[in-house]
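# Per-entry structural report
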Amino acid sequence: MNDQTFHWPYANEVGMEEIKSCDVLVLGGGLAGCFAAIAAARKGQSVILVEKGATERSGSAGTGFDHWESACTNPCSQVTPEEIAEAYVNEQDWYSNGIAHYIECREGYDRMLDLESFGGKIRDTDDEFAGAAFRDDKTKLMFAYDYKNKFTLRVWGSTFKPALVREMKRLGVTVLDRTEATALLTAVVDGKKHGVGACGMDVHTGKFYVFRAKSTVLAMSRPARVWLFDADQPGLCEFRPFQSIGSGHAMGWKAGVEFTMMEKSVRAEYSAAGRSFPAYGTGNNHNTWYAATMVDARGVEIPYVDRDGRELKTVLERYLPAEGQKFFLKGGVIDNPKYEYRGPETLDFDELVRRGYQLPFYADLSRMPDEERRVIWGMMVGEEGKTKIPILQNYSERGFDPSRHMLQSYGTGWQSANFLEQERQFFGAPGGILHDWDLKTNIDGIYACGDQLYASDCAGFACATGYYAGRKAADAAAAGQLLDYDREDARREMERLYAPLYVEQGTGWKELNQAIAKAMQNYCGGMRCEALLKEGLDLLESYEKEIVPTLCCRNPHELMRTHEVQDILTVAKLVIHASLHRTSSSAPLFFRRSDYPQPDPECDRCHIALHQENGQVIERRVPLNFFGNLKEEYEKRNQNYIREEAAL
Amino acid sequence: MKPVEFQVTMTPCSSQPILYDEAKCIGCNRCAAVCQCDILLPSAETGKHPVVMYPGECYYCGACVMACPVEGAIRLSHPLRNRAKFVPVRSN
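All values derive from a computational prediction rather than experimental measurement. (Residues numbered from 1 in each chain as written. Chains lettered and ligands numbered in written order. Predicted model: local features only at pLDDT ≥ 70, side-chain atom pairs only at ≥ 80, totals over all residues. Heavy atoms only, no water.)

### A short note on the interface of chain A and chain B
Listed as interface residues are 82 residues of chain A and, on the opposing side, 55 residues of chain B. When chain A packs against chain B, the two sides together hide about 5,800 Å² of surface, and 57% of this comes from carbon and sulfur. The largest share of the area that chain A buries against chain B comes from F6(A), Y502(A) and R554(A), three residues that together contribute 11% of it. Here chain A and chain B share four salt bridges between them. For E56(A), the salt bridge identified is with R30(B), shortest N-O distance 2.9 Å. In this assembly, chain A and chain B are joined by 35 residue pairs in polar contact (both at pLDDT 80 or more). (Contact = heavy atoms within 4.5 Å. Buried area = accessible area lost by both parts, 1.4 Å probe. Salt bridge = Lys/Arg side-chain N within 4 Å of Asp/Glu carboxyl O. Polar contact = N/O pair within 3.5 Å; in protein donor to acceptor, adjacent residues only side chain to side chain.)

Take a look at the structure:
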């Protein structure tokens, strides 16, 4: 079978061009993109959504997600949007997206209600968990982490993407699946750059698209496969879906969009092939598995302690703030929070070793109350993305029974693997697009949301910022006009996209991805310095000049993969530029420079925002608190929304 | 633009992420339509299952299994090295 050649089952439309126009163009059909499209369509704008995969199940939450963070306006919440958004900002030493977090805290629950109205499941309507400590029996809403303050909700995320697709169809959104967006189109109006649409390609037929739009929303996830790549199983190289590799970042950077914090990356934590296990598929007590009972190799239970080191006696205490603490933060980007926000956690690994606990550790749900066991294994593991089939069904078929078996942890503590310092990922609120209070980029007419925003977080963040960006883009489109694009820009993009189809015996995309990843591990790993970074940039530039023209492929699918790797190369260069521009080390950014070891000097406690202009990298310094007072600034700009929501 | 002919050859990898039960599959191609990584090539033969053309690109999300109208027609199988271990509970 290995050499079996098949007939290409789709039409061949290479060289064909279609021009489509709309008011609002949304690039990316994950949660953020779908909500952006819905918001714009609700405002009466014509909308085209472009998705490389199939919208029904595409994106990081395509097959589900299990908990919705920061839904501070739900009827059971004991916290305000200000409290939680400000806590995130403080927790992340202000390298945080205050604007986006506030939108998430303020509007997230509205999006949950939207999803419910589209047919998604957000409450325990079947009374499976009636009477459980994490359930409000009146509203049937269910909570995770902090059962006292009730601002993180357990949801049935596997029902969400099909529901969003149905709603977009109902609203008349044009959804173009199997279409990759590849480049932004811009024009200069009165001396100022303005987004006028994008180019793209049908990844089945090769047809070239020009999308003309008054407003464009970038919703194309975050970069991946920059440091980690396995040519044998590239689909398992990262935490996010295989095709979400940062094309939105690459096209933004090429168009002159401004980025920040791209120097931030963390030692990998999750999901890379071979180094790890399926996400949420090992014994642990974080996120989906919070707060599973953990035991060591002998079956001795590992104690949970509160922030003061007080040992907790009951399972319920793991879900409550400490004495004198208003609330605690857990999940998503929150790994090891400051004392003020620290929640219950198992004893530190080193302390466990001192006390004689023995590896391997396991999650043992059999020791938990029935409803806690059932909600972790069956609901959370089942509704979180990539768990319904890969974990819940597969492990059950292999004989796993949470009342009789315990699931092993790997590495030290609760990680699913041990990664090396140079094996890095964009994880834990990484860098991305810098934006204003409209989620508009530095280029008029171009908006961003979800994982494309700097310091982005989870699914609720994606839904809330997607909707917000969509409505702001729609307002601008309603007041604007369709601007012309430069035919020469489109022609050049078409030529770039097709070039690998005409190369014979050249370089395959995997070879280039492998080389980029190795270069980034060698030149942009855990410890960086100017000379090393410049050598790395030089090597990547040589790939651009010498290897990219030799890229070759044989059909539109492989052409799409080839375009992706070109985008990875662009992102890798952006990361090196960002690393060169920060001439100090930084603890919150996990950024170390051997030539500038001083951590976080006051003069560099700011965003070092970068964009390209005529091939030059331009730096702008932006105060970390540029967003101002969250509540005041939000309310200044969203009175219409506040009135509309109040009327519902 | 010079005409170009497409070619597609199966690109094998060291694992088999997606396994079809030929007796159960009805060849509806729902799995191919929903796969976000687009690794499945719809079968040219009516009633036959799609071809797993790019198995190494599988992201193991399970969308294909979720979309399948026939229970058990598709099975998702993790690479051997990625199968986590579990053991009977131990009491201390």
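### Concerning the domain arrangement of chain A
Taken as a whole, chain A is organised into domain 1 (287-409) and domain 2 (490-623). Using only C-alpha atoms to locate each centre, domain 1 of chain A and domain 2 of chain A end up separated by 38 Å. (Domains from an automatic or database assignment.)

### Concerning the sheet that holds strand β6 (residues 86-88) of chain B
Across the sheet, which stays open at both edges, the four strands sit in the order β12(A)-β15(A)-β16(A)-β6(B) with antiparallel pairing between neighbours. Where the open sheet ends on each side, the last strands, each with one partner, are β12 (294-295) of chain A together with β6 of chain B. Relative to strand β15 (residues 362-363) of chain A, β12(A) runs antiparallel, the two being bridged by two bridges. Residue pairing for β15(A): M294(A) is matched across the bridge by A363(A). (Pairing = 2+ DSSP bridges. Helix = DSSP H or I, 4+ residues; strand = E, 2+ residues; numbered from the N terminus.)

### Details of the packing of helix α3 (residues 98-118) of chain A against helix α10 (residues 459-479) of chain A
Residue and element names in this part refer to chain A. The interhelical angle for the contact between α3 and α10, taken along N-to-C directions, is 95°, at an axis separation of 7 Å. Judged on the interaxial angle alone, α10 and α3 are roughly perpendicular. Counting all contacts with α3, which are made through A100, H101, I103, E104, E107, G108, R111 and D114, the residues of α10 involved are G460, F461, C463, A464, T465, Y467, Y468 and R471. When the residues that make up the contact of α3 with α10 are grouped by side-chain class, the tally is seven nonpolar, four polar and five charged. (Axes fitted to C-alpha atoms, helices over the stretch in contact; angles between N-to-C directions. Parallel < 35°, antiparallel > 145°, perpendicular 65-115°, else oblique. Nonpolar A, V, L, I, M, F, W, Y, C, P; charged D, E, K, R; others polar.)

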